[in-house]
Amino acid sequence: MSELQSLLRDTAERLFADRVTPQVLHAAEDGGWPAELWQVVAEHGLHHPFGAGDGEGAGEDGADWSDLFALLFAAGRWAVPLPLGETAIAGRVLLDGGLTLPDGPLGLAAQADLSLDQKGRVGGTAARV
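Residues numbered from 1 in each chain as written. Predicted model: local features only at pLDDT ≥ 70, side-chain atom pairs only at ≥ 80, totals over all residues. Heavy atoms only, no water.

> Is there a simple way to explain the environment of Gly107 in this structure?
You can see Gly107 is positioned in the loop between helix 5 (84-96) and strand 1 (111-116). Residue class for Gly107 comes out partly exposed when judged on its relative accessible area of 48%. Spatially, the C-alpha atoms of Gly107 and Thr87 are 5.7 Å apart, while their sequence positions differ by 20 residues. With residues up to four places along the chain from it excluded, the contact list for Gly107 reads Glu86 and Ala90. (Helix = DSSP H or I, 4+ residues; strand = E, 2+ residues; numbered from the N terminus. Buried < 20%, exposed > 50% of the residue type's maximum accessible area, 1.4 Å probe, protein only. Contact = heavy atoms within 4.5 Å.)

As structure tokens, this is what we get:
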């Protein structure tokens, strides 16, 4: 295991052990968004392990795919109710395209009928997200 894998795993394990409580899990099962948990994950940079979002260096200064597995293994162990895998993968796609990472969770859609309004907001429907 690499040093980065160990760091990601250990950080995630400590964070999830402290923050993924039965109350957080029950609220998520009832449709609630665990905003405080997301905030802590984001503060630790676990939502974008592939890079900081400057559009450069994806995979150089950030994690690689095996490092992501260490993080997702910990998330699965604690049943973390956040889209960590989707956000990390979508973030990597954006970084590989030379784009800056937006704040908040990201997703991937196999089929989407999306459009931008005049203010630059995305609207429409996405299937199989």
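> Just to check I follow, could you spell out the pattern of salt bridges for this structure?
Note on pairing: side chains with opposite charge can pair once their charged atoms come close. Counted under the stated rule, the structure contains three salt bridges. With a closest N to O distance of 2.9 Å, Arg9 and Asp10 form a salt bridge. Overall, Arg9 belongs to the partly exposed group, its relative accessible area being 29%. By relative accessible area, which is 32% here, Asp10 ends up partly exposed. In this structure, Glu13 engages Arg77 in a salt bridge whose closest nitrogen and oxygen atoms are separated by 3.1 Å. With Glu13 in helix 1 (residues 3-19) and Arg77 in helix 4 (residues 65-77), this residue pair connects regions lying 64 residues apart in the sequence. (Salt bridge = Lys/Arg side-chain N within 4 Å of Asp/Glu carboxyl O.)

> Sorry if this is basic, but what is going on with helix 4 here?
At 3.6 residues per turn, the α-helix brings residues three or four places apart onto the same side. Along its 13 residues, helix 4 runs 18 Å from first to last C-alpha, staying within 8% of the 18 Å computed at 1.5 Å per residue. Those residues of helix 4 lying buried are Asp67, Leu68, Ala70, Leu71, Ala74 and Ala75. One side of helix 4 holds all its buried residues, which, seen down the axis, span an arc of 155°. Away from the buried face of helix 4 by more than 90 degrees, exposed residues Phe69, Phe73, Gly76 and Arg77 are located. (Expected span 1.5 Å × (residues − 1). Arc of directions from axis to C-beta.)

> Help me understand the side chain of Asp67 in this model?
Tracing the backbone shows Asp67 in helix 4. Buried charge without a partner: Asp67 forms no salt bridge, and the closest opposite charge is Arg92, 8.5 Å away. (Lys, Arg positive; Asp, Glu negative; His and termini not counted.)

> Could you clarify how one ought to interpret the pairing of strand 1 in this entry?
Every other side chain in a regular strand lies on the same face of the sheet, so the side chains alternate between the two faces. Alignment of strand 1 against strand 2 (residues 122-127), held across six bridges, turns out to be antiparallel. Of the residues in strand 2, the one forming a bridge with Ala112 is Ala126. (Pairing = 2+ DSSP bridges.)

> Can you walk me through the packing of helix 1 against helix 3 (residues 35-43) in this structure?
Two quantities define a packed helix pair, namely the angle between the helix axes and the distance between the axes. Contact geometry of helix 1 with helix 3 gives a least axis separation of 11 Å together with a crossing angle of 160°. Taken together, helix 1 and helix 3 sit at an angle that is classed as roughly antiparallel. The way helix 1 lies across helix 3 gives a crossing that is right-handed. Contacts from Leu15, Phe16 and Arg19 in helix 1 reach Leu37, Val40 and Val41 in helix 3. For the contact of helix 1 with helix 3, a count of residues per class yields five nonpolar, no polar and one charged. (Axes fitted to C-alpha atoms, helices over the stretch in contact; angles between N-to-C directions. Parallel < 35°, antiparallel > 145°, perpendicular 65-115°, else oblique. Left-handed = near helix turned anticlockwise from the far one by under 90°. Nonpolar A, V, L, I, M, F, W, Y, C, P; charged D, E, K, R; others polar.)

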